[in-house]
Every structure is written in C-alpha cells, then in structure tokens.
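Close look at the chain arrangement
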Amino acid sequence: MRYGHKFIADVVLWTLATPLAFILRYDGAIPANVWPTLYLVTATAFILKIIASYSFKLYLVSWRNLSLYDLRNIVKAVTILSLVMMALFFLAYPSPYLKGLPRSVPLIDGLIALVSLSSMRIVRRFVYEQAKHKLISDELPLKRVLLVGAGEAGSLLANELRRHQELAFDMVGFVDDDKGKIGQIIAGLPVLGTLEDLPRLIGRHGVDEVLIAIASAGGGLVRKVIQLTAKAERKVSYRIIPSVYELLNNKVTVERLREVKAEDLLRREPVPLDRALVASYLQGSVVLVTGAGGSIGSELVRQIASFFPRQLILLGRGENSLFHISKELDNQWPDVDYVSVVGDIRSSERLNYIFQNYKPSIVFHAAAHKHVGLMEYNPEEAVLNNILGTKNLLDIAHAHGVRRFVNISTDKAVKPTTIMGSSKYIAERLVIAQAETIAANIESYVSVRFGNVMDSRGSVIPLFKQQIRAGGPITITHPDATRYFMTIPEAAQLVLQAAGLAENGAIYILDMGEPVKILDLARDLISLSGLEPDKDISIIYTGLVPGEKLNEALWQDDESKSATRHEKIFVARSKSLEPSQLDAILRDLAHAAHQADRKRIRHILERNIPGAELHHRINPETYSEL
C-alpha cells in the first residue's frame, strides 16, 4: 500500500488508546482479574480500528496540508467507532469473559484516540511548515505583510497565505476599525490596532506590503488605506482581494489577490443580488445575449452562466471577442451549454434564423455603438445599429414569443447632446412602445440605464492609463466635471436584477450615490501607479468640447421616479411617443441614414427629443468617453 506507513501509524496509535483507557480508568493499578478482559477488548478494538481506518480513508489525508475538514473526519471516525464499541460492551455485559470491564472505557478510548491521531498530524504539519519557512527565508528575503480587516475574509486570507509558504510572506498581524478586536488573536495573528495606526505600525514592524482583506470595503475605506500608507516612513505596496461582485461564489484565495485598481476607490456598499429571484427565471431557460463579446455583454454571459441556463446564445459581430468569451466559458463553466453565433442585429434574416433554431425566451440586448466621438462622425451608423437594429430585434423577439427583453441604455440618453445619447433615447422609446403592445402579465420589456461603466472599452480609465504609461500629461476637459460611475460586474448584476423585477415598460436606474469628480479619479490613478500627481505626471485642462456636459443626469425632466422592492434600484416612467410619430421618426431616420445625410439625422433627432442639442460637431480626437 502506497500510504502503508500512515495506515500502520494510525492503527497502532488508535489501538494503544485502549490499554491506556484501562490504565487511566484504574489510575494505573489494573486488578489482576481485569488483564484478560483488557487483552480481549484490545484485540477486538484492533480489528475494529483497522476496519474504521480503512473505511474512513484516514491514511489518504496529507499530514503536511492538514485542514479543519480533515480533523472533522477524524472526529467522525473516532466518534462512530466509540459508539460501536459502547454498543458491543452493553450487549456483551455481563459476560464471564469481560470481568471487571468498566463501561466508561470506550469513551476514554475515544478521547485518547482523538487527541493522539490529531496531534500526530498537527505536529507533522507544524514541523513541515517551520522547515519550509526556514528554507524559503534562507533563500528569499521574507516580505512582511500587514492585513487590513480582521473579519472572515481576512481570516481566510491569512490561512491561505500560511498554506502558501513559497510566497515568502511573513504576516505581522491585522488592523481593524472594530476596537473590540484589538488585542485578540485571529487566525493565529494579533490585531495590532485600527486603520489610523497604519503609519506607525508599518514603521514599527518593517512592513513591506499592506493587504486589504475586506470584500465589502467601500471606496472611501480603500482610499483611506492608501492615504495612510503614504504617510508611513517606509514605502509600501498594497494589494486587495476582489469585491463581492468579482468574487460571486468563489472563495478568497491567494491567487485572487490583485493590485488595487481605480474601481476599488469607487466601491459602494454592495447592491445585494436576489439570487433566488434571478435563478427563478434563468435556470432552465434559453438566454440570448447580443453584443456578447463586449464589456457589458461578456460580463452578463459570465454571471448568467453561474445560474446554469438550459442554453446560452452568444450573439455578436466581432468574432475575436466572441472567441475569447467562448474560451472562458469552456474553462470556467464547462457544464454550461452555449452557442456562439456571429451575426448582426440589423439583419432580419439572420435574427429569424437564430430565433427559429434556438428559441430563446430571454433576451439581454447589449449590442450597440457607444463611442461618443466616433458616432458624431458616423451618425448614420448610430441610427442603423442603435435605433433600427434595436427595432429589428424587438420586432423579431416579440414575434417569436420572447418573455423577457432587457435593453441596455445610458445616462447619455438624458437630455442628449450627442448622436450616441440620442440614439439610445430613441431605443428606450422603442422598448416602451413594444411593451405597450404585449401581454404584460406574460411578457416584460424593460430598459436599464447606466452611468459610466469603469474600464469598459472606450471609457476614460483606459485612456488615463495610456497617458500615464506615456509619462503624461493626463488631459481633462474641466476641473469640475463629474460623472456617475459603476463597475462592470455591478452593471451586469443590475441588468439581471431588473429582468427579475420585470415591471413591463420600466426604465430601471441604480442608486449610484454621489457623482465622482474626474479630476479626483485622475489623481487616484496616478497614485495607484506609484507616482505623484502634478510632480511625476501633470494634469492639463483642455476645456469642455462642444456637446460635452459638465455634469450628467440620470433622469429626464418628464419622468416619474418611484422605488422598487429592491432598495438600491429605482424605476423611471416616461411618456411614450405616439405610434404614428414614432413610425414617422423611424422612416425619416432610415431614409437619412441610408443617404448618409448627417445634417438631416441631427435635425430629426433634435426636433423629436426634448432637451436635445445636437447642432455642435464633436472632435473624436479630443472627446473623452465620459
């Protein structure tokens, strides 16, 4: 047997527990007439313990990587065997062969076995870890780390770091703002102080890196940690475990530690996802995601996959992006049935083929041209794709009995000053118009309106990062410009939640808190790059470009705002356009787009959208996607 030495060690130690139980029971003075009973019971226990050790596979457990689960298995094996022995004793008592047998022996036997079997493994792991720690410390300089957050995530991370000695981490302890924890030992490490003590503790303990181990940490807390570490005498690095949006069902592991990103500085309290509600409509359904290779579309695919739909249809025009999300599904969700389809929402023939063959009952519509500057120079494409493509998809989805349709919109649709924003305004009105024609108790067609999605393609974050890599300067249009931000996972969860709320014709909007100054965001990114704003990287102001807003809004003037059963999601109700007016707008826009009459497109949109001002042209070279 490959693990024979472990098997023998377990059986020997476990068997020795029986005579030791007799010795303890009789305080070391076993009467002469009890010795035959001792021999008989020990022999019987020996046979039973061989069977138990083999049955519970105790010998297969790695002693060097002992876990609480392994100890629990030992407790289970010892407890069951002790109960069996106790039952046998009671059945055989009284017997001429069991003279002087104390019925407490099985209990004492079990306690001794539990201590000895566990201790042997614990000592082996301790010796291994100390030897490995010494070997690594002799070869590599140890990196001293301080953990922020002595909660569950912090405890899990500490245990993970302890398991991965090869990382050469020397954990100093925790800091936590719960003063009641100060002085406590958590996961073998002391809680040394609060966040305010960070600069002092970094210097006192020679800390090299700070690990933020709070999955629900808000942006203010992350920013505070970075600011406090900057005050320390030593220059330290910092990393963070992902937010709850990124973790989803995955556990905290060393592999998931990553550098702090700008998104972490904008974290809000997590918006709880009603997983039961989402699962109720996704599980067992055929789900179609348009724009499945894009930033929002691909995140929707990831999160939908975690609910195991019957089939997932990935539709997009970009074959490379579809290929990448397909490979990710293969690796992360191999049991999910999916189909990747290259196609265009503007093609009725292609859409009809897809709906006839795959019969999706739920559609998430994330396919759109969204780059503001490019759409100013290509307004006909915005019309053909964002407006007429959405109309085409709505008509075919309804004709094929789609039960839920969720359209992805943007805050730029509110009092739009750009072609892209105007096209999304019309798309919202198309969804509302479609909702008014369906059986609301069976189907639901809704829109979800976002602020800016951080790190999505074409957004300001990649632009700023590129400017920092080039040595600066970072260009900002105005020092007081603000925007609403949300992360990609947060946006995808809002979409899934909105589909579950299913209030036909609604436009769902997330409570995004206070808008963020773009200047603060730029400074944060410079700091996260290990540089100093205005010293290593300069910031210059280029002035608001025509059509760019100083501040964005999330609500139209004519929209009513009401709460939903989800505390962080609100619903907007807009007046629908008259069917004849909407048909006329679509006909005029289609004609102008096919003629590439850009002036006419602007005129039609501006005339039919309240508050729209589209008479300016925007230079795509200077317009930041904000």
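Residues numbered from 1 in each chain as written. Predicted model: local features only at pLDDT ≥ 70, side-chain atom pairs only at ≥ 80, totals over all residues. Heavy atoms only, no water.

Let us now look at the overall build of the chain. Regarding its fold elements, the chain presents 21 helices and 22 strands. Within the chain, contacts between residues at least 6 apart in sequence are counted, and of these 77% link residues at least 24 apart. Split by element, the accessible area of the chain, about 28,000 Å² in all, is 55% carbon and sulfur. (Helix = DSSP H or I, 4+ residues; strand = E, 2+ residues; numbered from the N terminus. Contact = heavy atoms within 4.5 Å. Areas by Shrake-Rupley, 256 points an atom, 1.4 Å probe, with all protein chains shown as cover.)

So, about the environment of L496. For L496, the position within the fold is in helix 18 (residues 488-501). Sequence-wise, L496 and Y281 are 215 residues apart; in three dimensions their C-alpha atoms are separated by 9.8 Å. If we ignore the near neighbours within four places in the chain, the residues touching L496 are V278, Y281, L282, L300, Q303, I304, F307 and F364.

Under the definition given, this model contains one aromatic pair. Aromatic side chains F405 and Y445 sit 5.3 Å apart centroid to centroid with 0 degrees between the ring planes, which places their arrangement in the stacked category. In this pair, F405 sits in strand 12 (residues 404-410) while Y445 sits in strand 13 (residues 444-450), placing the two residues 40 residues apart along the sequence. By relative accessible area, which is 0% here, F405 ends up buried. Across the ring face of Y26, the terminal group of R25 is positioned such that the distance to the ring centre comes to 5.5 Å. A cation sits over an aromatic face here: R429 above Y425, 4.0 Å from the ring centre. (Phe/Tyr/Trp six-rings, centres within 6.5 Å; stacked < 30°, edge-to-face > 60°. Buried < 20%, exposed > 50% of the residue type's maximum accessible area, 1.4 Å probe, protein only. Lys NZ or Arg CZ within 6 Å of the ring centre and 35° of its normal.)

Attention now moves to unusual backbone geometry. Even without being glycine, K415 reaches a positive phi, approximately 45 degrees. Along the polypeptide, K415 turns up in the loop between strand 12 and helix 16 (419-435). The exposure class assigned to K415 is partly exposed, which follows from its relative accessible area of 34%. Despite not being glycine, A596 has its phi angle at roughly 55 degrees, a positive value. Examined against the element boundaries, A596 turns out to sit in the loop between helix 20 (579-594) and helix 21 (598-608).

We now examine the pairing of strand 22 (residues 569-573). Of all the five residues making up strand 22, four are buried; the element is thus mostly covered by neighbouring parts of the structure. Note that strand 18 (residues 507-510) and strand 22 share four bridges and pair antiparallel. In the sheet register, I507 faces strand 22, and the bridge partner there is A572. (Pairing = 2+ DSSP bridges.)

Further remarks concern the pattern of salt bridges. Under the definition given, this model contains 17 salt bridges. Measuring nitrogen to oxygen at the nearest pair gives 3.3 Å for the salt bridge that ties R429 to E428. Relative accessible area serves as the criterion here: at 0%, E428 is assigned to the buried category. In this structure, E428 and R449 form a salt bridge, with 2.9 Å as the shortest nitrogen-oxygen distance. One end of the pair, E428, is in helix 16; the other, R449, is in strand 13, with 21 residues separating them in the sequence. (Salt bridge = Lys/Arg side-chain N within 4 Å of Asp/Glu carboxyl O.)

What follows deals with the nonpolar core. Core analysis: the largest hydrophobic core is formed by 49 residues, its most contacted members being F355, I387, F405, Y445, L589, I601 and L605. It is helix 15 (residues 379-399) that provides the largest number of residues to this core, a total of nine residues. Once residues lying within four places of it in the same chain are set aside, the contact partners of I387 are A382, S423, I426, L430, L586, L589 and L605. L322, L329, V446 and F450 belong to the second-largest nonpolar core, a separate cluster that totals 44 residues. (Core = buried A, V, L, I, M, F, W, Y, C linked by side-chain atoms within 4.5 Å.)

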